[in-house]
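# Close look at the chain arrangement
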Number of protein chains: 2
Amino acid sequence: MNEVSILPISIGEFARRSRLSLKALRLYDAMGLLLPAQVDQTSGYRYYLEAQLERAKLIGLLRQLEMPLSRIAEVLELHGVEAAQAIARYWSLVEGDLKTNRKLVHYLEDYLGGKGESMYEIQTREVPQQKIVGIQRHVYVKDLSGFIAEAGDELLKQLAQAGLRGSGPAFVIYHGQINQDSNGPVEVCLPFEGSLEPTGQIRLRLELAHHEAFTRITKAQVEFPGILKAYDAVEQWLKDQGKGMSDSPREIYFARWDKIGPDDPACDIAFPYA
Amino acid sequence: MNEVSILPISIGEFARRSRLSLKALRLYDAMGLLLPAQVDQTSGYRYYLEAQLERAKLIGLLRQLEMPLSRIAEVLELHGVEAAQAIARYWSLVEGDLKTNRKLVHYLEDYLGGKGESMYEIQTREVPQQKIVGIQRHVYVKDLSGFIAEAGDELLKQLAQAGLRGSGPAFVIYHGQINQDSNGPVEVCLPFEGSLEPTGQIRLRLELAHHEAFTRITKAQVEFPGILKAYDAVEQWLKDQGKGMSDSPREIYFARWDKIGPDDPACDIAFPYA
DNA sequence: CCTTGACTCTCCCCCAGGGGGAGGCCGCAG
DNA sequence: CTGCGGCCTCCCCCTGGGGGAGAGTCAAGG
């Protein structure tokens, strides 16, 4: 605005004017995120410049977005539009989480309100040995449906390029815990016949014959977090029957996803058992 | 579903089936949030019942909403619809924060994108001594505008009941730091003439005559967090003039809030000085 | 019956992002 | 020169766990 003063500012005044706490300023100093312009060698007193207020305020605002300090440091490496884009990227993650959690709240409201106490009918079947192609990755809940769609398309494309077709419905194996926000490895699989070479991220594998217990759910029931109840139902059934799981749980998508309504059968939740 | 087994479950199996970690389960035990049905006296082994799975899963889902464990404990005290309402109350807080932060992101994008580098014209004036009625409270940023509107209405109503009217524009004094998410005491004030008795939350006070530096901003500029720049501009001006603040900063709302457009002058940001 | 391997126990340290306070300098005004 | 407020470092505290050490336990197989 006017001529910028180069008079050093004490930490107290700098704290007031930047709307940060003394504790925070000392922490940012120690982390190297916001270094005082000058530190008195003998007293250890920190002195800042007015010109540093802008950075300090920006840090404060980013902290209000709950951005981790390490990520703030990255943003501050950038300038102008690039910094703005970095913030937008961060924020889209936050909004993504929020969407998932919003669904969860609706689910809980229904659940606790006494609605949706649906029963799941458990069936069993034998699954013959089959050759499959698959793509495996670690993925978070909020990226799950995107990953499944994407990987499924990729598998179909690869088969098509080799002049082959899938020989059964695609399915998804959850090798890791279906945990709340972190998710173990997930594998999208497609059975096929013929011969093919593994390429890049695509792996070929032989799924052994096994028995599985499953329940058939509708497209609406696939939605997180309601789908967890289907898993629980099958698991409970196995337990009641005294049978143990012999492999990771899976979802078999036998329907054309985009051509069915919310109340049409869409998917089987299955546990191999021994 | 079937006959509920009363066989005790080891912590490992309980962890898998509840999708919680061992660490979490031990913590919830220590906190009293989820006590094992039985603890072996000699070995210290924890044993749970299947019937406890429901509570455990609910805790896990609420944790995914980042609900603090203490608040989860409160929710679990309730049942059915009441619990659902408690969750909804919590979630509305989260959504409220989110709205504020969303504005902040837009502001930062504009700011870093180089837009909105507006100048603030600083003026000064004398303010005569005046008698005021006020309501003071601690309030968070996201509740601020609601509080101001509400308190303002309340003050007008009280004056009207005493057959009086305001003798000048309402203003808001920020006694505490205008911090990011916590906010010191805020006082909504209305000057008046005549005599009145203090009632309940309404206090009477004499504002002494003083000088103040201020800048006039538009309704659009009042929006958080852009308004902070106006504060900074006045503060900077005082600093440049070598003057010190003699009282808390304030906002004077001289316009009819609901009858002006976004680019009309709406409010003065003022600092008393000596 | 014993051994082995898988579980489980407690205890301790670690993370972010500070808050609160103790005990001790520093600096400036009267 | 004396006080008082400001500032320093250091330490412990919080939440919600994760990681791992070292030791005790449980159940199945040999």
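Residues numbered from 1 in each chain as written. Chains lettered and ligands numbered in written order. Predicted model: local features only at pLDDT ≥ 70, side-chain atom pairs only at ≥ 80, totals over all residues. Heavy atoms only, no water.

### Focus: the sheet that holds strand β11 (residues 265-273) of chain B
Residues and elements named next belong to chain B. The 8 strands are arranged β4-β9-β11-β10-β6-β7-β5-β8 in an open sheet whose pairing can be described as antiparallel. Every interior strand has two partners, whereas the edge strands, β4 (122-127) and β8 (202-207), have only one. Across this sheet, the average inter-strand angle for adjacent strands is 30°, counted without regard to direction. Pairing geometry for β4 and strand β9 (residues 210-218), over 6 bridges, is antiparallel. Considered in β9, the bridge of Ile-122 is made with Thr-215. With respect to the sheet, helix α6 (residues 141-161) is in contact with β5 (130-138), β6 (170-174), β7 (185-191), β8 and β10 (250-253), its orientation differing from that of β7 by roughly 35°. (Pairing = 2+ DSSP bridges. Helix = DSSP H or I, 4+ residues; strand = E, 2+ residues; numbered from the N terminus. Axes fitted to C-alpha atoms, helices over the stretch in contact; angles between N-to-C directions. Contact = heavy atoms within 4.5 Å.)

### Here's the deal with the protein's contact with DNA strand C
Close to DNA strand C lie 19 residues, the nearest being Lys23(A), Tyr28(A), Arg63(A), Ser10(B) and Arg46(B). One of the side-chain N or O atoms of Tyr45(A) is found 3.2 Å from a sugar or linking oxygen in DNA strand C. Within the side chain of Arg63(A), an N or O atom sits 2.8 Å from a phosphate oxygen of DNA strand C. For the surface near DNA strand C, the secondary structure elements donating two or more residues are α2 (22-31) of chain A together with α1 (11-18) and α2 (22-31) of chain B. Sorting elements by how many residues they give to the surface near DNA strand C places α2(A) first, with 4 residues. By residue class, the composition of the surface near DNA strand C is 8 nonpolar, 6 polar and 5 charged. (Near = heavy atom within 4 Å. Polar contact = N/O pair within 3.5 Å; in protein donor to acceptor, adjacent residues only side chain to side chain. Nonpolar A, V, L, I, M, F, W, Y, C, P; charged D, E, K, R; others polar.)

### Notes on the packing of helix α5 (residues 80-112) of chain A against helix α3 (residues 53-64) of chain B
At a closest axis distance of 10 Å, the pairing of α5(A) and α3(B) adopts a crossing angle of 145°. α5(A) and α3(B) meet at a crossing whose hand is left-handed. Mapping the contact onto sequence places Thr100(A), Asn101(A), Leu104(A), Tyr107(A), Leu108(A), Tyr111(A) and Leu112(A) in α5(A) and Glu54(B), Leu58(B), Leu61(B), Leu62(B) and Gln64(B) in α3(B). Taken together, the residues that form the contact of α5(A) with α3(B) break down as 8 nonpolar, 3 polar and 1 charged. (Left-handed = near helix turned anticlockwise from the far one by under 90°.)

### So, the relation of the copies chain A and chain B
Aligned on chain B, chain A shows an RMSD of 0.2 Å; the corresponding rotation is 180° and the shift along the axis is 0.1 Å. Seen this way, the second copy is the image of the first under a two-fold rotation axis. Considering only C-alpha atoms, the residue of chain A closest to the rotation axis is Leu98(A), which sits at 4.5 Å. Looking at the interface residues of chain A, 100% of them are also at the interface in chain B, so both copies use one shared face. (Least-squares fit on C-alpha atoms with pLDDT ≥ 70 in both.)

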